[in-house]
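# Coordinate analysis (summary)
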Amino acid sequence: MPTMTNVDTLKDAGRPPAGESADPHDPVPTAIDWLLGVLTGLLGLILTAVGVGMYTRVDQALIADVLAQESVQVNGLTQPEFITAAGPFVDWLAIGTVVTGATAVVGAAVFVVGRRRTRRRVAREGGTTATFWGCTVYGAVVTALVSFIPGSAIGGGAAAAYLHDGNSSVRIGTAAGLIGTALTIPLVAFLAVGIVAGSGAIGELAGGTLLAVIIIGGELVALAINAGLGALGGFAAAKFV
């Protein structure tokens, strides 16, 4: 009987026995990756379509018609001032909606492609599919699903840390909290630009700028809070689960 050479031994080293999985840690099925990618992509396409529709269909004439039909009362502004300010505001808000939707579509595609590459690599070489960034996205999704609960980032950070096959629980919890909030940054940024542009159109640039600064500041505070809550969730998962 021929004996196995050193080359054969090295060639087979690290490969799992026939019929066994190469991945000892695969907590999330492949179908979940596809489901997340498809749903996020569809949401992005819807947002993009809404933004394009706003930009192409909503103008000052339409705004004036709506105000006249609905008898809308605008506190602090006359109707002509409101119509003048609303035109650039709606345009910038529409652009922000398109950018947010396109970001979601691209992010969904990158996520699905990245997860497929990870799973193929693990199938060849062994290891884990529970990578840092993969679990970070799972945690961010958990945060979004329970966002109606105060402190939902705690749950997202805990989920990310629980799924991750590593000892960076606080760091991955922080990342999950950040990503869950960061998706709103383009929309908030363009919203702030729209407020500045609209207020400038009616000679109220200072007041609009102040409001925009408050909105951006609120977004930054939300980012910091969710990052901290996510870190707390990651720490709790590592400590008690």
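Located above this text is the structure these notes cover.
Residues numbered from 1 in each chain as written. Predicted model: local features only at pLDDT ≥ 70, side-chain atom pairs only at ≥ 80, totals over all residues. Heavy atoms only, no water.

Turning our attention to the packing of helix H5 (residues 132-145) against helix H7 (residues 169-182). Put simply, H5 and H7 touch, their axes get as near as 8 Å, and they point 55° apart. It follows from the interaxial angle that H5 and H7 lie oblique. In the crossing of H5 with H7, the sense of the turn from one axis to the other is right-handed. Of H7, the residues touching H5 (which contributes Phe 132, Trp 133, Cys 135, Thr 136, Gly 139 and Ala 140) are Arg 171, Ile 172, Ala 175, Ala 176, Ile 179 and Gly 180. Taken together, the residues of the contact of H5 with H7 break down into eight nonpolar, three polar and one charged. (Axes fitted to C-alpha atoms, helices over the stretch in contact; angles between N-to-C directions. Helix = DSSP H or I, 4+ residues; strand = E, 2+ residues; numbered from the N terminus. Parallel < 35°, antiparallel > 145°, perpendicular 65-115°, else oblique. Left-handed = near helix turned anticlockwise from the far one by under 90°. Contact = heavy atoms within 4.5 Å. Nonpolar A, V, L, I, M, F, W, Y, C, P; charged D, E, K, R; others polar.)

Here we take up the packing of aromatic side chains. The description of an aromatic ring pair uses the distance of the two centres, along with the angle that the planes make with each other. Counting across every chain of the model gives three aromatic pairs. Plain terms: the ring middles of Trp 92 and Phe 190 are 6.1 Å apart, the flat faces sit at 20° to each other, and that makes the pair stacked. Here Trp 92, found in helix H4 (residues 79-125), pairs with Phe 190, found in helix H8 (residues 185-201); they are 98 residues apart in sequence, far enough to count as distant. Its relative accessible area of 32% is what places Trp 92 among the partly exposed residues. Considering the side-chain rings of Phe 111 and Tyr 138, the 6.1 Å spacing of their centres and the 85° angle between planes classify their relative orientation as edge-to-face. (Phe/Tyr/Trp six-rings, centres within 6.5 Å; stacked < 30°, edge-to-face > 60°. Buried < 20%, exposed > 50% of the residue type's maximum accessible area, 1.4 Å probe, protein only.)

On the surface, a cluster of positive charge is contributed by Arg 116, Arg 117, Arg 120, Arg 121 and Arg 124. Topologically, Arg 117 is positioned in helix H4. Taking relative accessible area as the criterion, Arg 117 reaches 57% and is therefore assigned exposed. (Patch = residues over 30% accessible without salt bridge, like charges linked within 9 Å, V, L, I, M, F, W, Y side chains within 5 Å. Areas by Shrake-Rupley, 256 points an atom, 1.4 Å probe, with all protein chains shown as cover. Salt bridge = Lys/Arg side-chain N within 4 Å of Asp/Glu carboxyl O. Lys, Arg positive; Asp, Glu negative; His and termini not counted. Charge placed at Lys NZ, Arg CZ, Asp CG, Glu CD.)

Any two packed helices are characterised by the angle at which their axes cross and by the distance between the axes. As a packed pair, H8 and helix H9 (residues 205-240) sit with axes 7 Å apart at the nearest point and diverge in direction by 170°. Our classification of the angle between H8 and H9 gives roughly antiparallel. Between H8, through Ile 185, Val 188, Leu 191, Ala 192, Ile 195, Val 196, Ser 199 and Gly 200, and H9, the contact on the second element is made entirely by Leu 205, Gly 208, Thr 209, Leu 211, Ala 212, Ile 215, Ile 216, Glu 219 and Leu 223. Class assignment for the residues of the contact of H8 with H9 results in twelve nonpolar, four polar and one charged.

Take the pattern of salt bridges next. Per the stated rule, a full pass over the model turns up two salt bridges. Residue Asp 33 pairs with Arg 115 through a salt bridge whose shortest N-O separation is 3.5 Å. Here Asp 33 is found in helix H2 (residues 30-57), whereas its partner Arg 115 is found in helix H4, with 82 residues between them in sequence. In this structure, the salt-bridge partner of Asp 33 is Arg 119, at a minimum N-O distance of 2.9 Å. Within this pair, whereas Asp 33 is found in helix H2, its partner Arg 119 is found in helix H4, the two being separated by 86 residues in sequence. The same class applies to Asp 33 and to Arg 119, which are both buried. Linked through salt bridges whose partners overlap, the residues forming this network are Asp 33, Arg 115 and Arg 119.

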